[in-house]
Amino acid sequence: YAPSPLRSKRQSLAGHPMPDDDFTSNYTSMLWGPEGRGDLSIIRSLGANAVRLYGNDVAFDKTGFLNEALLQGLSVIAGISDYPYLQMPGNCAHTDFNCYSQVFDSYRTNLEHGFLVEEGGFKVYHPALLTIILMNEPDLKFQPPMRPQNFCRALVSAFDALLDAEKEFDVVGAKPNITATFSFGVCPWCTRFQSLPGLGQLDDLRSAMQDPRSVGYTARNDLWQAYQARFENSVNTANPAESLHSLFLKPYQENFQGMPVFIAEYHSPSAQDQQADLEAMLRMANDESTLLKGFSFFEFQARYDKGGAELGFGMFGLGEQPLGEFTLTPTSWNYTAWCLTPLAAPRHLSSCPQITGDVEYVPANQKFDPHTWGYDEANVARPEVCCGRCLELPVCNSWTWVPNTCRMSGSQPPKSPVSLQGAVSGSPGERPRILPGDGAGGASRAMLLMPGILDLLSEEKAPRYPPVPEAVSAAFGGSFPEAWTSFCPATAIQYL
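The shown structure was predicted, so the numbers you read here are calculated from the model rather than taken from an experiment. (Residues numbered from 1 in each chain as written. Predicted model: local features only at pLDDT ≥ 70, side-chain atom pairs only at ≥ 80, totals over all residues. Heavy atoms only, no water.)

## What about the nonpolar core?
Next up, step 1: Core analysis: the largest hydrophobic core is formed by 108 residues, its most contacted members being Val76, Tyr85, Leu134, Phe159, Phe231 and Phe248.
Next up, step 2: With 11 residues, the single largest contributor to this core is helix H7 (residues 148-168).
Next up, step 3: Within the second largest apolar cluster, 15 residues are counted, among which are Val385, Leu391, Cys396 and Val424. (Core = buried A, V, L, I, M, F, W, Y, C linked by side-chain atoms within 4.5 Å. Buried < 20%, exposed > 50% of the residue type's maximum accessible area, 1.4 Å probe, protein only. Helix = DSSP H or I, 4+ residues; strand = E, 2+ residues; numbered from the N terminus.)

## Regarding the packing of helix H8 (residues 199-210) against helix H10 (residues 241-255)
Next up, step 1: Contact pair H8 / H10: the axes reach a minimum separation of 11 Å and the direction vectors enclose 25 degrees. In terms of their interaxial angle, H8 and H10 are classed as roughly parallel. The handedness of the crossing between H8 and H10 is right-handed. Contacts from Leu199, Leu202 and Arg206 in H8 reach Leu247, Phe248, Pro251, Tyr252 and Asn255 in H10.
Next up, step 2: Here the residues of the contact of H8 with H10 are counted per class, giving 6 nonpolar, 1 polar and 1 charged. (Axes fitted to C-alpha atoms, helices over the stretch in contact; angles between N-to-C directions. Parallel < 35°, antiparallel > 145°, perpendicular 65-115°, else oblique. Left-handed = near helix turned anticlockwise from the far one by under 90°. Contact = heavy atoms within 4.5 Å. Nonpolar A, V, L, I, M, F, W, Y, C, P; charged D, E, K, R; others polar.)

## Here we look at the sheet that holds strand E1 (residues 50-52)
Next up, step 1: One open sheet accounts for 7 strands, arranged E1-E2-E5-E6-E7-E8-E9; its pairing is parallel. If you trace the sheet from one side to the other, it starts and ends with E1 and strand E9 (292-297), each paired once. Each strand of the sheet is rotated relative to its neighbour by a mean of 25 degrees, with strand direction disregarded.
Next up, step 2: Inspection of the sheet shows strand E6 (residues 177-182) paired to strand E7 (residues 233-237) by 2 bridges, in the parallel sense. When the bridges of E7 are listed, Phe182 appears paired with Val235.
Next up, step 3: Each of E7, strand E8 (261-266) and E9 touches H10; the most contacted strand, E8, lies at about 150 degrees to it. (Pairing = 2+ DSSP bridges.)

## Focus on the pairing of strand E5 (residues 129-136)
Next up, step 1: Counting buried positions along E5 yields 7 of 8 residues, so the element is predominantly enclosed.
Next up, step 2: Note that E5 and E6 share 4 bridges and pair parallel. Note on E6: the bridge partner recorded for Ile132 is Ile178.

## What about the packing of aromatic side chains?
The way to describe two aromatic rings as a pair is by their centre distance and the angle between their planes.
Next up, step 1: In this structure the tally under the stated criterion is 22 aromatic pairs.
Next up, step 2: A ring pair is formed by Tyr266 and Phe295, whose centres lie 5.3 Å apart and whose planes are at 70 degrees; its orientation type is edge-to-face. A residue pair is termed long-range when its members are at least 10 positions apart, and Tyr266 in strand E8 and Phe295 in strand E9 qualify at 29 residues. Accessibility assignment for this pair places Tyr266 and Phe295 in one class, buried.
Next up, step 3: Ring pairs connect the aromatic residues Tyr1, Trp32, Phe65, Phe300 and Phe316, which therefore count as one cluster.
Next up, step 4: Directly above the aromatic system of Trp189 lies the positively charged group of Arg147, at a separation of 3.6 Å from the ring centroid.
Next up, step 5: Across the ring face of Tyr100, the terminal group of Arg220 is positioned such that the distance to the ring centre comes to 3.7 Å. (Phe/Tyr/Trp six-rings, centres within 6.5 Å; stacked < 30°, edge-to-face > 60°. Lys NZ or Arg CZ within 6 Å of the ring centre and 35° of its normal.)

## Details of the sheet that holds strand E13 (residues 374-380)
Next up, step 1: Strand order in the open sheet formed by 5 strands is E12-E16-E14-E15-E13, with antiparallel pairing between adjacent strands. The open sheet is flanked by strand E12 (355-360) and E13, the only strands paired with a single partner. Averaged over all pairs of adjacent strands, the angle between strand axes in this sheet comes to 30 degrees, irrespective of strand direction.
Next up, step 2: In terms of strand pairing, strand E14 (residues 398-402) meets strand E15 (residues 404-409) through 5 bridges, oriented antiparallel. Looking across to E15, one finds that Val402 is bridged to Thr405.

## Topic: unusual backbone geometry
Next up, step 1: Across the junction of Gln143 and Pro144, the peptide omega takes the value -5 degrees, indicating a cis bond.
Next up, step 2: Examined against the element boundaries, Pro144 turns out to sit in the loop between helix H6 (138-141) and H7.
Next up, step 3: A cis amide bond links Phe298 with the next residue in sequence, Glu299, at an omega value of 0 degrees.
Next up, step 4: Relative to the helices and strands, Glu299 resides in the loop between E9 and strand E10 (316-326).
Next up, step 5: Despite not being glycine, Asp170 shows a phi value in the positive range, around 50 degrees.
Next up, step 6: Its location among the elements puts Asp170 in the loop between H7 and E6.
Next up, step 7: Phi at Asp358 takes a positive value of approximately 60 degrees, unusual for a residue other than glycine.
Next up, step 8: Within the secondary structure layout, Asp358 lies in strand E12.

## What about the pattern of salt bridges?
Next up, step 1: The final tally for this structure, using the stated rule, is 15 salt bridges.
Next up, step 2: Between Glu118 and Lys123 there is a salt bridge, with the nearest N and O atoms lying 3.4 Å from each other.
Next up, step 3: Residue classification places Glu118 among the exposed residues on the basis of a relative accessible area of 52%.
Next up, step 4: On the accessibility criterion, Lys123 (31% relative accessible area) is partly exposed. (Salt bridge = Lys/Arg side-chain N within 4 Å of Asp/Glu carboxyl O.)

Printed below as a string of C-alpha cells:
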C-alpha cells in the first residue's frame, strides 16, 4: 500500500516533488480513513486480512492508521525505511554496513509514535502490528549488490538494534514477527544455492544470525535465540504460481524446515487469468505440508509517478473525480485525493500496427504547439517499445524512434514524411479496447509492450478477464464486486 497521488511520471518533476512517501499519518487520512476514500475498508472488502506498508517516516505518529486497520480487521506489515540504511547523513552504507546506531534511533522513534500502546501500566505492541520488515531487498540496495558479507552484517546489526530498542521501553506481551525481505534474484556470491532465486540470501542470513562474528559483527543480544523465536523469511516475486513451487518452495521446504516464509510482494502481470493464478497461490499457502504462510498482492494502486513496468502492477488507477485534498507533511502543499478506478490486467502485444522504416513522422526539432501534445523519452532501446509508449497514451497519434530516443506527438502522421535512414515511425491506428469484464466501464489499463503472449486481438476475439480487483476479491473470498458503484468510471491517464 503506497497510494501516491501523482497521476504522471512528469508531475513529480515539474516543481512538485513528493516531500514524503509515508501514507500512514493523520495528514493522509483522506486516503485511508472513513472520512475520505476509505482505502483500508476497500482492502478489507477484497478479502485481504493484512496490509503491507511502504515508506516509514518515524516523525509521524501511526496510531490513527493502526487503529483504523484494527477496526477493519486488518493486520499490518510495517517496514523500517531505507533512510537509516542508505539515505540519512552517516547512513550505515558509510559505517561499514554496521547499522546498529542508525536503526536503534529510527526504531526507537517508531515505538514512541504509535507502534506501542499503554496497557495496564505496561508498554505493549499495537495489536494491529503483525510483522516488522527490517529492510526491503537489501541484497539489491546495498552496493555492490548480492554481497552477503555486507547485507548480512547490516541485517544482524539492525535486528540487534530493534531488540535493544524494545528493551529500552520494557515492552511486554506478544511481539510482532521480524523478517528481512529479499529479492527473487540469484546470489552468485552466496555460500550455497547460487543458481536458485532468493535461497542463497536466506541461507547466508541464517548463518550470520547463528554466528554474527562470521560477518564481522559483535552482537549485544542472543540473535540466534531471537531469530528462532521471532523470525520468518520473506521474498518478493513477480513469477506466476506454477513456477514458484519448483524454483523456490520445493527447495525451501527441503532446507528451511521449521522456518515459515511468506511472499511479501506477489503479482505476476504476465498471468492473463489473474484469478486462476491467485487461486493456485492460495492452494499452496493453505497446504499445511508447506511452509508458505501467505502472500501480499502487489499492489493496491498503480504508481504513475514511477512509470514504466511499475504500471503493470496496480489494482486501481486514479480517476478524474477529486474527493478532497490533503497534505503529506505539515508544511507541504495540498494534494488531491482522486477517486479510484478498477484496472484490467495489462494486454500484452506481440505486434505494432502501422509501422514504417527509414521515415520520420516526428522531427527532432519539433516545436510543440500549445494545443498539440508532444513528448520525447530518452533511453528507449527498441522501436517496438516506442510503439508501446504511444499506445499507452490516448493523446499520442504518431511516433518516431531513433536510437535510444522515442519522440511522440499528438499530431497525425504527415502525408509526405521526411526520409531518415535508421529511423522507425508509426501511429497507434485504432487502439484495441481493453476488455476488463462486466462491471467496469470502458478501457482502464494502458497497453504495456512486454514480451508478447497475445497477438493484437479484435474485440470479438479477445478473451474476457475480470478487472484485477475483482479477480483478487474472487480468489480471496471478498465481497468487492458488490461495491463497483462506489468507484469512478475508468479514465484515460497520461502515463509519462
